[in-house]
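Observations on the model geometry
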Amino acid sequence: MTTPNSGRVDPAALLPSATPIRFVAEDGTPAEQSGDYAEPALETLREAYRLMVLGRRFDAQATALTKQGRLAVYPSSTGQEACQIAAALALNPADWLFPTYRDSMALIARGIAPGEVLTLLRGDGHCGYQPDQVRTAPQCTPLATQALHATGLAHALHRRGEHAVTLALIGDGATSEGDFHEALNFAGVFGAPVVFLVQNNGYAISVPLDKQTAAPSLAYKGIGYGVRAEQVDGNDAVAMLSVLSAAVERARTDGGPMLIEAHTYRMDAHTNADDATRYRDAAEVERWRAADPMRRLETHLRNRNALSDKDIESFADEAEEFAATVRGVMNTEPQLDPLTLFDHVYAEPTRDLLTQRARLAAELDAVEA
Amino acid sequence: MTTPNSGRVDPAALLPSATPIRFVAEDGTPAEQSGDYAEPALETLREAYRLMVLGRRFDAQATALTKQGRLAVYPSSTGQEACQIAAALALNPADWLFPTYRDSMALIARGIAPGEVLTLLRGDGHCGYQPDQVRTAPQCTPLATQALHATGLAHALHRRGEHAVTLALIGDGATSEGDFHEALNFAGVFGAPVVFLVQNNGYAISVPLDKQTAAPSLAYKGIGYGVRAEQVDGNDAVAMLSVLSAAVERARTDGGPMLIEAHTYRMDAHTNADDATRYRDAAEVERWRAADPMRRLETHLRNRNALSDKDIESFADEAEEFAATVRGVMNTEPQLDPLTLFDHVYAEPTRDLLTQRARLAAELDAVEA
Amino acid sequence: MSPITMARALNAALRDALKDDEKVLVFGEDVGTLGGVFRVTDGLTADFGEDRCFDTPLAESGIVGFAVGMAMGGFRPVVEMQFDAFAYPAFEQITSHVAKLRNRTRGALSLPMVIRVPYAGGIGGVEHHCDSSEIYYTHTPGLRVLTPGTAQDAYDLLRDAIDSPDPVVFLEPKNRYWSTEDVSFARKGAPADRAVIRRPGRDVTLVAYGPMLGTALETAEAATAEGWDVEVVDLRSLAPFDEETVAESVCRTGRAVVVHEAAGFGGYGAEVVARLTERCFHHLHAPVLRVTGLDIPYPPPKLEQYQRPDVDRILDTIARLQWQDQPVVSGA
Amino acid sequence: MSPITMARALNAALRDALKDDEKVLVFGEDVGTLGGVFRVTDGLTADFGEDRCFDTPLAESGIVGFAVGMAMGGFRPVVEMQFDAFAYPAFEQITSHVAKLRNRTRGALSLPMVIRVPYAGGIGGVEHHCDSSEIYYTHTPGLRVLTPGTAQDAYDLLRDAIDSPDPVVFLEPKNRYWSTEDVSFARKGAPADRAVIRRPGRDVTLVAYGPMLGTALETAEAATAEGWDVEVVDLRSLAPFDEETVAESVCRTGRAVVVHEAAGFGGYGAEVVARLTERCFHHLHAPVLRVTGLDIPYPPPKLEQYQRPDVDRILDTIARLQWQDQPVVSGA
Ligand SMILES: Cc1ncc(C[n+]2csc(CCOP(=O)(O)OP(=O)(O)O)c2C)c(N)n1
Ligand SMILES: Cc1ncc(C[n+]2csc(CCOP(=O)(O)OP(=O)(O)O)c2C)c(N)n1
Ligand SMILES: [Mg+2]
Ligand SMILES: [Mg+2]
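Let me sum up the structure you'll find in this document.

Basis of the calculations
- Residues numbered from 1 in each chain as written.
- Chains lettered and ligands numbered in written order.
- Predicted model: local features only at pLDDT ≥ 70, side-chain atom pairs only at ≥ 80, totals over all residues.
- Heavy atoms only, no water.
- Helix = DSSP H or I, 4+ residues; strand = E, 2+ residues; numbered from the N terminus.
- Rg over C-alpha atoms; globule rule 2.2 N^0.38 Å.
- Buried < 20%, exposed > 50% of the residue type's maximum accessible area, 1.4 Å probe, protein only.
- Areas by Shrake-Rupley, 256 points an atom, 1.4 Å probe, with all protein chains shown as cover.
- Lys, Arg positive; Asp, Glu negative; His and termini not counted.
- Charge placed at Lys NZ, Arg CZ, Asp CG, Glu CD.
- Contact = heavy atoms within 4.5 Å.
- Buried area = accessible area lost by both parts, 1.4 Å probe.
- Salt bridge = Lys/Arg side-chain N within 4 Å of Asp/Glu carboxyl O.
- Polar contact = N/O pair within 3.5 Å; in protein donor to acceptor, adjacent residues only side chain to side chain.
- Near = heavy atom within 4 Å.
- Pairing = 2+ DSSP bridges.
- Right-handed = clockwise from strand over helix to strand, strands pointing away.
- Axes fitted to C-alpha atoms, helices over the stretch in contact; angles between N-to-C directions.
- Left-handed = near helix turned anticlockwise from the far one by under 90°.
- Nonpolar A, V, L, I, M, F, W, Y, C, P; charged D, E, K, R; others polar.
- Donors = N, O, S within 2.8 Å, 3.2 Å for Na, K, Ca; no water.
- Least-squares fit on C-alpha atoms with pLDDT ≥ 70 in both.

This part covers the overall build of chain A. Within chain A, the regular secondary structure consists of 13 helices and seven strands. On C-alpha atoms alone, chain A measures out to a radius of gyration of 22 Å, which is about the 21 Å that the 2.2 N^0.38 rule sets for 369 residues. In terms of its C-alpha atoms, chain A occupies a principal-axis envelope of roughly 75 × 65 × 40 Å. Here chain A holds 369 residues, and 62% of them are scored as buried. Just so you have it, chain A exposes about 12500 Å², and 52% of that area is on carbon and sulfur atoms. Here chain A holds 33 positive side-chain charges and 50 negative ones, and the gap between their average locations is 1 Å.

Structure follows, in structure tokens:
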């Protein structure tokens, strides 16, 4: 009779740190460091800061444009800059990112043009960019489904001998879906080079985490799949970059998958259509404002003399220019051809689709005539 | 900013014992006991032994009848007697059992008539017993789906103030399904009085556990839901009764759900239609034969002078009589009325169904005429 | 009586059901404190307590499977799937359990539960928020499928659904949520399983439901200009299908067009056409035609107008009903 | 050429595909060492290695979602759902991703993958092992749905499915797995998206596929005794539907019956009836009728014979095609 755990990993090695990994305290001073993660280079942190400024400005601009009716819907990620920018920076161009509807900042940081980032939310198309060219999957709405795609693709990359990894962005609520479970289990069994980053922003629309799970914290889900897990202060960009880079490198070097829970907060409502005052009080929001990831990194870099007023000014200017570009793009309506609706349903349109296309073409002519 | 784990349970309290709980070693001598579980009363163990003899005999009889073509299919559970008998004995009549296709012995031990236990596998109907009367759900085939029903019903019983619990039987393979995840998560969040008993018999048809999960063991899945977990030697009836009874009592007294992994083995093929030699070697089966749950309990009871040759003989006789009854029931073909097919699709048959019923009635008359 | 929206009518139906039967429970994602993304459950938790209306973890299979268990335990769950495409994770629970439990147990167990699904488009929703998934449910024996086209029916049909001893998939047309109407709470409406004639007419029968009812009625008005007197039948119950009422109308008018937003291929309209053709064959002056969504994934908001049947498309189709008995343009 | 079973023909198709294209992968539950519960993948792991044919954890949504990722990574996954009803957990992945990824990305990403689903009954299977789930897939734009009725087509169509740039739901009729036939591996069969006339006839067209093809052909033979010369059309491709071939036959014979095992209500046959009625209206001597499964959950083995269309039911229905132009018996 074989003993059950023979040849299996040591459970303790899979559990996350008891408290979130943190390098920088809320006031920007060094935190008593937990875990043995390396602090990222100052240059990387400066770049992260620049992108956080850019990302937050972009987010504000998109929200404003939505109020003006230019977007169908917009889910803001202000407050989650450290998570999203770190996710983008931790990856190489050859790696794949799997974003959700929430992750516009990560897409911007990944270098995708703002117009392409907003195509989905503007209602012009289902995906504005060419996923294969930017190695970024379409923004995913059916919750947790992308975690399986990221796992399968990671295994495919590994099978092809490419030293590339995939990183899936997942919300705290989405961890309740069966697909999250199946993705982590497949990742564990196949040892796929995938990193699951759960942005635990405390809410799934209106539902707080304590109605979502009774777990000590979401990072404790990893051990059930034999997947190493970690929890991080998601508003500490230094910790996020440090832990994510380590996870990505580990996966890249055949160390297998990793689950990372980032404790963060969604400062704005779920989307422009949501009214957050219905389910959370202002005091809570203010408590989190005190933990603002950007000011925290700014103070940290200043204390290290790695960020000057001039830098901040130039980053701000760059962000303003970027916002102007975004406005420009959003204020020009793209020409959408209804007849393209029949393309790409199949590699070649079926007879039925050609018939329907011809009928629509006739309708359009009739209107013009 | 709230710290993530505030007000949440201590992770260590949720983890299972590092090795399976065991009271009796494979040779029947006392094992160095792990965990602080109480040893069941000898009377209970004698009753368990009696039912194991009965169950195994029933299982052998059903297998034989299947070879004779009397059953459509039969999944044997020989080797899993300790798990299934303990599951039945741990419950009160007011509690609910949620069995799978594999759990015939548990149903027999629950007191359900053999003909009713075999109705599904015989092909006469989808469920042979009245679930509401025996407080036992229909044998479930879609894997892990019953875990959610057990959770919902447990919550319902709790809401109604009945001090009753539910116990869901689940296979090791089924733990990979999304519904397993969602059930444990709902159970954790609602604190439902449900016990999940995973009979880890090492295989999902042909797929061994190490292709099913990379977890240290399945019991490590509990912590990710805030659900207390335990792992048990599933071939030690004493340990199974002890741990299951504790879990049931805990749930009954508002202690919440529990996940129990029983390490056991399926001695026969997946079903009569399966050929186990294709995926496992005889040596492995022999190793497990040495861990036979029945001989182990027998030795244990004999060592305690709680089981005499006369007892064993009378239990065997009872089992033989029971087998004869089973043969009797299975050798009389029930009269099935095709026109009842239209009953119970809805509370009242729809017009369409009445039309289809009339048409079938006409066909049947035509045949008779 | 003062005019209220369909969303409010649904809210009123839930309130009255919660009042009348303590076994009724409402749960799902964001239905509690928030009151649902469409505010259909607005205020229920505040007024009836967490016990009666509550949020669940974010897992649709979990919600439906948990509801099955609670229904086994004597409750009458009314669960919400936030949007059509987000009910798909629950497909196995709905198809293999909700639809079958009564049958599997020969009536020993029943599942008086309602699965509310906001469906179809017309509200500028992005992908996965605008599917017309009715056929997936109507083809599955054991399920009742209801869909209101008016605020009054929203109230009446939801009350009936909650009272039903059978599980009901209750499809709510998003594009009608904000349509307003005077609503009576006296429950004097037609039986839930009967279709109703919304507008009598002599020349042709328009068969519609839920999302397309409004468009069908507009078309009927517009058709008068063409000299066609159009009868509009609202199905209300998709499963079972009220063949008597619809066939009576079509055999009388001799012409029929079935309208729905769902993709045409293998869509619900095909069943209606097949039944009417068999039942009214010798009364038909022309084949029963369909006006449906295109056989493509639901388009992005800025193109959805081309996906959904509109007055012109329906009029064009009516025009093809061989008024001068010319042959049908094949394939058209 | 020597006669082989449909199961062997499918196995041969997988072998040849694995040989011809190293990007082809076969995976699912028990497809490796065991060779599948129907032995369709028998020996593939032994002959091509764990890398090419392997077992996965027991999770259908996982299998399909993982396959989506592997297809994005350049592989051509051929996955097995062990039985029809056990594909339901994958419904969201199939409907919201497999069917849509090409469209969502305007062709930038494609999913050349095959989802094999043994379906329908007739083999004495217990509940959940005998569902006819074709409409769930055929109604979903973006999916191709193929179903072989012969061992030869099993080989040809599966090869075509694997080569297809589009995702294919490949429905395998369990009751035909052990039917034998001489099979050529030369791939000289008709194009995958065309229906074929299996038996020419003058009087009436029987439209069938997969599980019912054999019954349809038997019926045609039996019908000669009644003096009816029956033409049998095998659809092979359920989506897209080959309207040209079928309509040509029906417009010629003037009468048609559609046969399938799936429940009739909202079933695939309704689409066939609707299309043929529109296309052949003026050639029809009688409405196109259906012979289908009853609108009930699939019965237990000992009663399944009453669920499935048989020769007598089909003959009775042919008899109702108004050979003396008597009116259709309503509702019948
Ligand atoms: C399968 C599925 N169910 C429901 C929804 C509707 N929905 C969209 S976002 C959301 C909340 C998600 O919360 P979380 O996962 O925490 O991500 P966050 O929005 O907080 O970033 C819900 C319920 C969906 N998109 N997919
Ligand atoms: C959802 C679903 N997928 C697949 C199957 C087919 N199937 C029946 S039993 C089985 C193996 C189950 O293994 P396990 O959960 O370990 O239970 P055991 O049979 O070993 O008791 C499979 C794959 C099923 N019944 N349900
Ligand atoms: Mg969240
Ligand atoms: Mg097992």
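Below, the discussion takes up the interface of chain C and chain D. Taken together, the contacts link 57 residues of chain C with 57 residues of chain D. Interface area lost by chain C to chain D is led by His139, Phe265 and Glu278 of chain C, which between them contribute 17%. Linking chain C with chain D are eight salt bridges. One salt bridge in this structure joins glutamate 127 of chain D and arginine 104 of chain C, with 2.8 Å as the shortest N-O distance. Applying the counting rule to chain C against chain D returns 16 residue pairs in polar contact (both at pLDDT 80 or more). Mapped onto the side of chain C that touches chain D, the elements with two or more residues apiece are helix H4 (91-98), helix H5 (101-104), helix H6 (134-138), strand E12 (237-239), strand E13 (256-263), helix H10 (268-280) and strand E14 (289-293) of chain C. Here the element with the most residues in the side of chain C that touches chain D is H10 of chain C; it accounts for nine residues.

Looking at ligand 1, there are 21 residues lining it, with Tyr101, Arg102, Asp172 and Gly173 of chain A together with Glu60 of chain C nearest. Each of chains A, C and D places residues near ligand 1. In the model, an oxygen atom of ligand 1 is placed 2.9 Å from a nitrogen or oxygen of the glycine 173 of chain A main chain. Within the backbone of alanine 174 of chain A, a nitrogen or oxygen atom sits 2.9 Å from an oxygen atom of ligand 1.

Attention now goes to the pairing of strand E3 (residues 194-200) of chain A. Residues and elements named next belong to chain A. Of all seven residues in E3, seven are buried, a share of seventy percent or more. The alternating pattern of E3 places Val194, Phe196, Val198 and Asn200 and Val195, Leu197 and Gln199 on opposite faces, both of which are buried. Across six bridges, the pairing between strand E2 (residues 166-171) and E3 is parallel. Looking across to E3, one finds that isoleucine 170 is bridged to valine 198. After leaving E2, the chain enters helix H7 (residues 178-190) and then returns to the sheet as E3, a path that is right-handed. Of the strand pairs in this sheet, E3 and strand E7 (residues 258-263) are connected by six bridges, and their pairing is parallel. By the bridge assignment, glutamine 199 is partnered in E7 with alanine 262.

Residues and elements named next belong to chain B. Relative orientation of the contacting elements helix H1 (residues 42-67) and helix H9 (residues 237-252) amounts to 115°, with a least axis distance of 11 Å. Between H1 and H9 lies a crossing of right-handed hand. Counting all contacts with H1, which are made through Thr44, Leu45, Ala48 and Met52, the residues of H9 involved are Ala237, Val238 and Leu241. A breakdown of the residues in the contact of H1 with H9 according to their chemical character gives six nonpolar, one polar and no charged.

Let us look at the coordination of the magnesium ion (ligand 4). Six octahedrally arranged donors around a metal ideally form angles of 90 or 180 degrees; four tetrahedrally arranged donors ideally form angles of 109.5 degrees. Residues and elements named next belong to chain B. In the first shell of the magnesium ion (ligand 4), the protein supplies Asp172 (OD), Asn201 (OD1) and Tyr203 (O), at 2.0 to 2.1 Å from the metal. Written as a sequence motif, the donor arrangement for the magnesium ion (ligand 4) is D-x28-N-x1-Y. For the residue pair asparagine 201 and tyrosine 203, the accessibility class agrees, reading buried in each case.

It takes a turn of 180° to lay chain C on chain D, together with a shift of 0.0 Å along the axis; the resulting RMSD is 0.0 Å. The transformation just described matches what one would write down for a two-fold rotation axis. The rotation axis passes nearest to the C-alpha of alanine 270 of chain C in chain C, at a distance of 2.5 Å. Most of the interface of chain C is mirrored in chain D, where 100% of its interface residues are also at the interface.

Residues and elements named next belong to chain C. If you trace the backbone, aspartate 182 turns up in strand E8 (residues 180-182). Judged by its relative accessible area of 38%, aspartate 182 is partly exposed. Each C-alpha atom, one on aspartate 182 and one on isoleucine 4, is 6.2 Å from the other, the two residues being 178 residues apart in sequence.

In this structure, lysine 174 of chain C sits in the loop between strand E7 (168-173) and E8. When sequence neighbours within four positions are dropped, the list of residues in contact with lysine 174 of chain C reads Phe38, Phe83, Asp84, Pro118, Tyr119, Ala120, Ile123, His129 and Cys130 of chain C.

This part covers unusual backbone geometry. The omega angle of the peptide bond from alanine 239 of chain C to proline 240 of chain C is 0°, so this bond is cis rather than trans. Mapped onto the fold, proline 240 of chain C is located in the loop between E12 and helix H9 (243-253). Positive phi outside glycine occurs at histidine 344 of chain A, with the angle close to 65°. A relative accessible area of 26% means that histidine 344 of chain A is categorised as partly exposed.

All names here are of chain D. On the basis of which strands lie adjacent, the open sheet formed by five strands has the order E9-E11-E10-E13-E14 and mixed pairing. Lying at the two open borders of the sheet, with one neighbouring strand each, are strand E9 (196-199) and strand E14 (289-293). The sheet shows a mean angle of 25° between the axes of neighbouring strands, direction not considered. Contacting strand E10 (204-208), strand E13 (256-263) and E14, helix H10 (residues 268-280) runs over the sheet at an angle of about 160° to E13.

Moving on: the environment of leucine 206 of chain C. All names here are of chain C. Locating leucine 206 in the fold gives a position in strand E10 (residues 204-208). For leucine 206, a relative accessible area of 0% translates into the label buried. A C-alpha to C-alpha distance of 19 Å links leucine 206 and glycine 266, two positions 60 residues apart in sequence.

Attention shifts here to the side chain of threonine 145 of chain A. In this fold, threonine 145 of chain A is placed in helix H6 (residues 145-159). Take threonine 145 of chain A: its relative accessible area is 0%, and that puts it in the buried class. Among the polar contacts listed, one links the side chain of threonine 145 of chain A to the backbone oxygen of proline 142 of chain A, at a separation of 2.6 Å. Here threonine 145 of chain A is in contact with Cys140 and Asp179 of chain A together with Glu92, Gln93 and His97 of chain D, once residues within four sequence places are set aside.

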